[in-house]
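Residue-level structural notes
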Amino acid sequence: MESFEIQLLEDRFKIEPLENGLYRIMEEEDKVGVIFPEPDGDAVKWATQDELEAG
């Protein structure tokens with residue numbers, strides 16, 4: 001899978017898939033954190049062990 005960008009309000013983030021199933025979140029050249037999917041019944045929740053700032 002290739003990297004892609006998302007925009008949340010005025011913030012733009014680059015999502016970089018890693019080979020171990022994790023996704024690195026970058027804001028310009030700064031790493032914001034790493035997220036990973038967790039199954040939750042019929043849905044998927046996104047989790048992290050990083051301390052991410054709440055919007």
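Residues numbered from 1 in each chain as written. Predicted model: local features only at pLDDT ≥ 70, side-chain atom pairs only at ≥ 80, totals over all residues. Heavy atoms only, no water.

On to the overall build of the protein chain. Secondary structure summary: the protein chain contains 0 helices and 5 strands in total. Overall, the protein chain shows an N-to-C arrangement of helices and strands of β-β-β-β-β. Counting only C-alpha atoms, the protein chain reaches 35 × 25 × 20 Å along its principal axes. A separation threshold of at least 6 residues defines the contact pool for the protein chain, and within that pool the share at least 24 residues apart is 0%. Of the roughly 4,800 Å² of accessible surface on the protein chain, 46% is carried by carbon and sulfur atoms. Side-chain charges of the protein chain comprise 5 positive and 16 negative groups, with the mean position of each set lying 3 Å from the other. (Helix = DSSP H or I, 4+ residues; strand = E, 2+ residues; numbered from the N terminus. Contact = heavy atoms within 4.5 Å. Areas by Shrake-Rupley, 256 points an atom, 1.4 Å probe, with all protein chains shown as cover. Lys, Arg positive; Asp, Glu negative; His and termini not counted. Charge placed at Lys NZ, Arg CZ, Asp CG, Glu CD.)

Note that glycine 41 resides in the loop between strand S4 (30-40) and strand S5 (43-47). Residue class for glycine 41 comes out exposed when judged on its relative accessible area of 74%. Remark: the alpha-carbon pair of glycine 41 and glutamine 7, spanning 34 residues in sequence, is separated by 27 Å. (Buried < 20%, exposed > 50% of the residue type's maximum accessible area, 1.4 Å probe, protein only.)

Turning to the pattern of salt bridges, a few remarks are in order. Considering all chains together, one arrives at 3 salt bridges under this definition. Across the pair arginine 12 and glutamate 5 runs a salt bridge whose closest N-O atoms are separated by 3.2 Å. For arginine 12, a relative accessible area of 46% puts it in the partly exposed group. Residue glutamate 16 pairs with arginine 24 through a salt bridge whose shortest N-O separation is 2.9 Å. Beyond isolated ion pairs, a larger network of salt bridges with shared partners links Lys14, Glu16 and Arg24. (Salt bridge = Lys/Arg side-chain N within 4 Å of Asp/Glu carboxyl O.)

Let us now look at the environment of isoleucine 15. Tracing the chain through its elements places isoleucine 15 in strand S2 (residues 11-17). Measuring from C-alpha to C-alpha, the distance between isoleucine 15 and alanine 47 comes to 14 Å, with 32 residues separating the pair along the chain. Isoleucine 15 has contacts with Ser3, Phe4, Ile6, Tyr23, Arg24 and Ile25, leaving out every residue within four places of it along the chain.

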